[in-house]
Amino acid sequence: MIAGEEGILIKYLYLILMKNQLGNAKQCKNLIKKGHVFIHEQCIYDPYYLIKKEDKIYVDGNSINAHPFQYFMMNKPQGYICASYDKENPYLLQLMKEKDCYCVGRLDKDTTGFVLLTNDASLSKKLLLPQNHVEKVYQVKTKYPIFKNYKTLFEQGIIIDKTYLCQPAKLEMIDSYQCHVTLHEGKYHQVKKMFMSLSNEVVSLKRISFAGILLDESLQPGEYRHLNEEEMTILEKCLR
Ligand code: URA
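This structure is a prediction, so every number in the text was calculated from the model and none was measured.

The rules behind these values
- Residues numbered from 1 in each chain as written.
- Predicted model: local features only at pLDDT ≥ 70, side-chain atom pairs only at ≥ 80, totals over all residues.
- Heavy atoms only, no water.
- Near = heavy atom within 4 Å.
- Polar contact = N/O pair within 3.5 Å; in protein donor to acceptor, adjacent residues only side chain to side chain.
- Areas by Shrake-Rupley, 256 points an atom, 1.4 Å probe, with all protein chains shown as cover.
- Helix = DSSP H or I, 4+ residues; strand = E, 2+ residues; numbered from the N terminus.
- Nonpolar A, V, L, I, M, F, W, Y, C, P; charged D, E, K, R; others polar.
- Domains from an automatic or database assignment.
- Salt bridge = Lys/Arg side-chain N within 4 Å of Asp/Glu carboxyl O.
- Buried < 20%, exposed > 50% of the residue type's maximum accessible area, 1.4 Å probe, protein only.
- Contact = heavy atoms within 4.5 Å.
- Phe/Tyr/Trp six-rings, centres within 6.5 Å; stacked < 30°, edge-to-face > 60°.
- Lys NZ or Arg CZ within 6 Å of the ring centre and 35° of its normal.

**Section: the site of the ligand**
Thinking step 1. The environment of the ligand is formed by Leu107, Asp108, Thr111, Tyr138, His189, Gln190, Val191, Lys192 and Leu205.
Thinking step 2. Contacts to the ligand include Val191, whose backbone N or O atom sits 3.1 Å from a nitrogen atom.
Thinking step 3. Lys192 places a main-chain nitrogen or oxygen 3.1 Å from an oxygen atom of the ligand.
Thinking step 4. Contact with the protein chains removes 95% of the 240 Å² of surface that the ligand exposes when unbound.
Thinking step 5. Per-element tally for the shell around the ligand: the top contributor is helix α5 (residues 190-197), with three residues.
Thinking step 6. Among the residues forming the shell around the ligand, the class breakdown is four nonpolar, three polar and two charged.
Thinking step 7. Residue-level mapping places the shell around the ligand at the junction of two domains, with at least three residues from each of domain 2 (71-130 + 213-238) and domain 3 (135-210).

Structure follows, in C-alpha coordinates:
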(Lines give C-alpha, C1' and ligand atoms only; values in the text may rest on other atoms or scores of the structure.)
Protein backbone atom coordinates (compact mmCIF):
# COMPACT_ATOMS: atom_id res chain seq x y z
CA MET A 1 0.00 0.00 0.00
CA ILE A 2 1.22 3.43 -0.70
CA ALA A 3 0.21 6.44 1.21
CA GLY A 4 -1.02 9.59 -0.51
CA GLU A 5 1.96 11.45 -1.84
CA GLU A 6 4.08 11.20 1.24
CA GLY A 7 3.51 7.74 2.63
CA ILE A 8 5.37 4.56 1.96
CA LEU A 9 2.96 1.81 2.87
CA ILE A 10 2.67 -0.56 -0.05
CA LYS A 11 -0.64 -1.61 -1.59
CA TYR A 12 -1.60 -4.12 -4.26
CA LEU A 13 -2.43 -2.88 -7.74
CA TYR A 14 -6.00 -4.24 -7.69
CA LEU A 15 -6.73 -2.32 -4.48
CA ILE A 16 -5.66 0.91 -6.15
CA LEU A 17 -8.02 0.16 -9.04
CA MET A 18 -10.83 -0.46 -6.58
CA LYS A 19 -10.18 2.83 -4.82
CA ASN A 20 -10.43 4.47 -8.27
CA GLN A 21 -13.96 3.04 -8.55
CA LEU A 22 -13.08 0.64 -11.35
CA GLY A 23 -15.08 -2.23 -9.89
CA ASN A 24 -15.13 -4.73 -7.08
CA ALA A 25 -12.14 -6.93 -6.21
CA LYS A 26 -12.97 -9.58 -8.81
CA GLN A 27 -13.61 -7.05 -11.59
CA CYS A 28 -10.38 -5.18 -10.84
CA LYS A 29 -8.31 -8.37 -10.73
CA ASN A 30 -9.82 -9.35 -14.09
CA LEU A 31 -9.02 -5.98 -15.65
CA ILE A 32 -5.40 -6.57 -14.70
CA LYS A 33 -5.26 -10.22 -15.79
CA LYS A 34 -6.80 -9.36 -19.16
CA GLY A 35 -4.10 -6.81 -19.95
CA HIS A 36 -5.96 -3.52 -19.50
CA VAL A 37 -3.50 -2.09 -16.99
CA PHE A 38 -0.13 -0.52 -17.70
CA ILE A 39 2.47 0.86 -15.36
CA HIS A 40 4.61 3.28 -17.29
CA GLU A 41 5.03 1.43 -20.62
CA GLN A 42 4.66 -2.08 -19.27
CA CYS A 43 1.51 -4.20 -19.16
CA ILE A 44 1.07 -5.70 -15.68
CA TYR A 45 -0.87 -8.95 -15.37
CA ASP A 46 -0.38 -9.50 -11.64
CA PRO A 47 -3.20 -8.10 -9.44
CA TYR A 48 -0.83 -8.33 -6.47
CA TYR A 49 1.84 -6.14 -8.04
CA LEU A 50 3.04 -3.81 -5.29
CA ILE A 51 2.68 -0.17 -6.22
CA LYS A 52 5.81 1.90 -5.85
CA LYS A 53 5.98 5.56 -5.11
CA GLU A 54 7.05 6.57 -8.63
CA ASP A 55 4.54 4.32 -10.45
CA LYS A 56 2.07 5.84 -12.89
CA ILE A 57 -0.93 3.66 -13.71
CA TYR A 58 -2.94 3.62 -16.95
CA VAL A 59 -6.15 1.67 -17.47
CA ASP A 60 -7.07 1.38 -21.16
CA GLY A 61 -4.76 4.30 -21.80
CA ASN A 62 -6.31 6.56 -19.15
CA SER A 63 -4.19 7.69 -16.23
CA ILE A 64 -5.64 6.88 -12.80
CA ASN A 65 -4.64 8.03 -9.34
CA ALA A 66 -1.82 5.69 -8.26
CA HIS A 67 -1.82 7.02 -4.70
CA PRO A 68 -5.44 7.34 -3.65
CA PHE A 69 -4.82 6.50 0.00
CA GLN A 70 -4.13 9.40 2.30
CA TYR A 71 -3.11 9.57 5.95
CA PHE A 72 -3.34 12.69 8.04
CA MET A 73 -2.60 13.76 11.58
CA MET A 74 -4.88 16.40 13.04
CA ASN A 75 -4.57 18.32 16.27
CA LYS A 76 -8.19 18.02 17.34
CA PRO A 77 -9.64 21.20 18.84
CA GLN A 78 -11.95 21.15 21.83
CA GLY A 79 -15.66 21.19 21.04
CA TYR A 80 -15.47 19.05 17.91
CA ILE A 81 -16.61 15.47 17.65
CA CYS A 82 -14.74 12.74 15.77
CA ALA A 83 -17.25 12.20 13.00
CA SER A 84 -17.77 12.71 9.29
CA TYR A 85 -21.11 14.39 9.86
CA ASP A 86 -23.27 15.53 12.75
CA LYS A 87 -26.45 17.55 12.89
CA GLU A 88 -25.84 19.21 16.24
CA ASN A 89 -22.11 19.45 16.87
CA PRO A 90 -19.12 20.74 14.98
CA TYR A 91 -17.30 17.72 13.54
CA LEU A 92 -13.73 17.13 12.39
CA LEU A 93 -14.47 16.58 8.71
CA GLN A 94 -15.67 20.18 8.55
CA LEU A 95 -12.07 21.18 9.05
CA MET A 96 -10.77 19.15 6.09
CA LYS A 97 -10.94 19.61 2.37
CA GLU A 98 -10.43 15.86 1.81
CA LYS A 99 -14.06 14.83 2.24
CA ASP A 100 -13.53 11.08 1.78
CA CYS A 101 -11.53 10.75 5.01
CA TYR A 102 -12.78 9.62 8.38
CA CYS A 103 -11.41 9.44 11.92
CA VAL A 104 -9.58 6.34 13.10
CA GLY A 105 -11.21 5.92 16.50
CA ARG A 106 -12.79 8.61 18.59
CA LEU A 107 -11.83 11.19 21.15
CA ASP A 108 -14.43 12.84 23.36
CA LYS A 109 -15.77 16.23 22.35
CA ASP A 110 -13.68 17.98 25.02
CA THR A 111 -10.49 15.96 24.40
CA THR A 112 -7.81 17.54 22.22
CA GLY A 113 -4.79 16.25 20.33
CA PHE A 114 -3.83 13.54 17.89
CA VAL A 115 -6.48 12.14 15.58
CA LEU A 116 -5.52 10.03 12.60
CA LEU A 117 -7.68 10.58 9.54
CA THR A 118 -7.58 8.43 6.43
CA ASN A 119 -9.58 7.13 3.48
CA ASP A 120 -7.92 3.71 3.86
CA ALA A 121 -10.62 1.52 5.42
CA SER A 122 -8.43 -1.56 5.80
CA LEU A 123 -5.71 0.26 7.70
CA SER A 124 -8.26 1.95 9.89
CA LYS A 125 -9.88 -1.39 10.68
CA LYS A 126 -6.55 -2.95 11.61
CA LEU A 127 -5.62 -0.08 13.90
CA LEU A 128 -8.89 -0.40 15.75
CA LEU A 129 -8.78 -4.17 16.28
CA PRO A 130 -8.47 -4.77 20.04
CA GLN A 131 -5.98 -7.60 19.45
CA ASN A 132 -3.54 -5.16 17.82
CA HIS A 133 -3.22 -3.23 21.10
CA VAL A 134 -2.37 0.03 19.38
CA GLU A 135 -0.68 2.39 21.82
CA LYS A 136 -2.24 5.73 22.80
CA VAL A 137 -0.59 8.25 25.08
CA TYR A 138 -2.58 10.94 26.87
CA GLN A 139 -1.55 14.01 28.77
CA VAL A 140 -3.89 14.28 31.73
CA LYS A 141 -4.65 17.12 34.14
CA THR A 142 -6.63 16.25 37.24
CA LYS A 143 -8.79 18.11 39.74
CA TYR A 144 -7.19 16.48 42.79
CA PRO A 145 -3.57 15.45 43.41
CA ILE A 146 -2.22 12.35 41.69
CA PHE A 147 -0.84 10.11 44.41
CA LYS A 148 2.31 8.02 44.08
CA ASN A 149 0.35 4.76 44.37
CA TYR A 150 -1.58 5.54 41.15
CA LYS A 151 1.36 4.24 39.15
CA THR A 152 1.07 0.76 40.68
CA LEU A 153 -2.72 0.79 40.51
CA PHE A 154 -2.60 1.60 36.78
CA GLU A 155 -0.03 -1.16 36.25
CA GLN A 156 -2.24 -3.67 38.08
CA GLY A 157 -5.35 -2.67 36.14
CA ILE A 158 -8.10 -0.28 37.18
CA ILE A 159 -11.72 -1.42 37.34
CA ILE A 160 -14.16 0.78 35.43
CA ASP A 161 -17.88 0.41 34.73
CA LYS A 162 -18.17 -1.58 37.97
CA THR A 163 -16.75 -4.83 36.56
CA TYR A 164 -14.39 -4.18 33.64
CA LEU A 165 -10.74 -4.72 34.53
CA CYS A 166 -8.61 -2.47 32.33
CA GLN A 167 -5.43 -3.81 30.81
CA PRO A 168 -2.25 -2.73 32.59
CA ALA A 169 -1.54 0.91 31.82
CA LYS A 170 1.47 3.11 32.35
CA LEU A 171 1.24 6.31 34.39
CA GLU A 172 4.14 8.76 34.46
CA MET A 173 3.91 11.75 36.77
CA ILE A 174 4.65 15.20 35.39
CA ASP A 175 3.70 17.00 38.62
CA SER A 176 1.07 16.58 41.34
CA TYR A 177 -1.81 17.36 38.99
CA GLN A 178 -0.46 16.19 35.65
CA CYS A 179 0.67 12.90 34.19
CA HIS A 180 1.04 10.87 31.02
CA VAL A 181 -1.08 7.75 30.67
CA THR A 182 -0.30 5.06 28.09
CA LEU A 183 -3.08 2.67 27.09
CA HIS A 184 -3.24 -0.23 24.66
CA GLU A 185 -7.01 -0.36 24.47
CA GLY A 186 -9.72 2.20 23.96
CA LYS A 187 -12.91 1.88 25.97
CA TYR A 188 -15.47 4.67 25.95
CA HIS A 189 -14.28 7.54 28.21
CA GLN A 190 -11.59 5.19 29.47
CA VAL A 191 -9.09 7.65 30.91
CA LYS A 192 -11.78 9.71 32.61
CA LYS A 193 -13.34 6.58 34.09
CA MET A 194 -9.97 5.29 35.33
CA PHE A 195 -9.42 8.46 37.31
CA MET A 196 -13.01 8.44 38.50
CA SER A 197 -12.42 4.96 39.92
CA LEU A 198 -9.70 6.49 42.06
CA SER A 199 -12.06 9.26 43.21
CA ASN A 200 -10.26 11.79 41.08
CA GLU A 201 -11.42 13.75 38.05
CA VAL A 202 -9.88 14.56 34.69
CA VAL A 203 -10.13 18.26 33.94
CA SER A 204 -8.17 18.24 30.70
CA LEU A 205 -7.21 15.47 28.32
CA LYS A 206 -4.95 15.60 25.29
CA ARG A 207 -3.76 12.69 23.18
CA ILE A 208 -0.10 13.28 22.44
CA SER A 209 0.72 10.06 20.60
CA PHE A 210 -1.08 7.39 18.60
CA ALA A 211 0.34 4.10 17.32
CA GLY A 212 3.84 5.30 18.23
CA ILE A 213 3.53 8.56 16.27
CA LEU A 214 3.93 11.78 18.23
CA LEU A 215 1.58 14.71 17.80
CA ASP A 216 3.28 17.45 15.82
CA GLU A 217 3.02 20.28 18.35
CA SER A 218 3.47 22.85 15.59
CA LEU A 219 -0.05 22.01 14.41
CA GLN A 220 -2.50 24.52 15.83
CA PRO A 221 -5.84 23.12 17.06
CA GLY A 222 -7.82 22.23 13.94
CA GLU A 223 -4.76 22.03 11.68
CA TYR A 224 -3.74 18.82 9.97
CA ARG A 225 -1.03 17.51 7.69
CA HIS A 226 0.00 14.38 5.78
CA LEU A 227 1.92 11.81 7.77
CA ASN A 228 5.52 11.88 6.59
CA GLU A 229 7.51 8.84 5.48
CA GLU A 230 9.01 8.25 8.89
CA GLU A 231 5.57 8.31 10.51
CA MET A 232 4.18 5.96 7.86
CA THR A 233 6.99 3.53 8.63
CA ILE A 234 6.09 3.67 12.33
CA LEU A 235 2.46 2.94 11.45
CA GLU A 236 3.45 0.05 9.24
CA LYS A 237 5.69 -1.44 11.96
CA CYS A 238 3.00 -1.10 14.58
CA LEU A 239 0.77 -3.44 12.57
CA ARG A 240 3.41 -6.05 11.78
N1 URA B 1 -10.29 8.51 27.32
C2 URA B 1 -11.27 9.40 27.59
O3 URA B 1 -11.81 9.42 28.68
N4 URA B 1 -11.61 10.27 26.62
C5 URA B 1 -11.02 10.30 25.41
O6 URA B 1 -11.36 11.13 24.58
C7 URA B 1 -10.00 9.37 25.16
C8 URA B 1 -9.66 8.49 26.12
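Still to come is the rest of the account.
**Points about the domain arrangement of the protein chain**
Thinking step 1. Domain boundaries in the protein chain define domain 1 (13-64), domain 2 (71-130 + 213-238) and domain 3 (135-210).
Thinking step 2. On a C-alpha basis, the centres of domain 1 and domain 2 stand 29 Å from each other.

**What to know about the pattern of salt bridges**
Thinking step 1. According to the stated counting rule, one finds eleven salt bridges in the structure shown.
Thinking step 2. Residue Lys53 pairs with Glu229 through a salt bridge whose shortest N-O separation is 2.4 Å. Placement of the pair is Lys53 in the loop between β2 (42-43) and β3 (57-59) and Glu229 in helix α6 (residues 229-238), with a sequence separation of 176 residues.
Thinking step 3. Classification of Lys53 as partly exposed rests on a relative accessible area of 40%.

**Some words on the environment of Lys193**
Thinking step 1. Structurally, Lys193 is set in helix α5.
Thinking step 2. Given a relative accessible area of 17%, Lys193 falls into the buried group.
Thinking step 3. Beyond its immediate stretch of four places on either side in the chain, Lys193 contacts Ile160, Asp161 and Tyr188.
Thinking step 4. Within the local environment of Lys193, its side chain forms a polar contact with the side chain of Asp161, the two groups lying 3.0 Å apart.

**As for the packing of aromatic side chains**
Thinking step 1. All chains considered together, the criterion is met by nine aromatic pairs.
Thinking step 2. Ring geometry for Tyr14 versus Tyr48: centroids 5.4 Å apart, planes at 70°, classification edge-to-face. Remark: Tyr48 occurs in the loop between β2 and β3 and Tyr14 occurs in helix α1 (residues 13-19); sequence separation between them is 34 residues.
Thinking step 3. Taking relative accessible area as the criterion, Tyr14 reaches 12% and is therefore assigned buried.
Thinking step 4. On the basis of relative accessible area, Tyr48 is assigned to the partly exposed category, the value being 39%.
Thinking step 5. Relative to Phe210, the ring of Phe114 lies with its centre 5.9 Å away and its plane at 45°, an arrangement referred to as tilted. In this pair, Phe114 sits in strand β7 (residues 112-118) while Phe210 sits in strand β13 (residues 202-210), placing the two residues 96 residues apart along the sequence.
Thinking step 6. On the basis of relative accessibility, which here comes to 0%, the residue Phe114 falls in the buried class.
Thinking step 7. A network of ring pairs unites the aromatic residues Phe147, Tyr150, Phe154 and Phe195 as a single cluster.
Thinking step 8. Residue placement shows Lys11 over the ring face of Phe69; its charged tip is 4.5 Å from the ring centre.
Thinking step 9. We note Lys29 situated over the ring of Tyr14; from NZ or CZ to the ring centre the distance is 4.6 Å.

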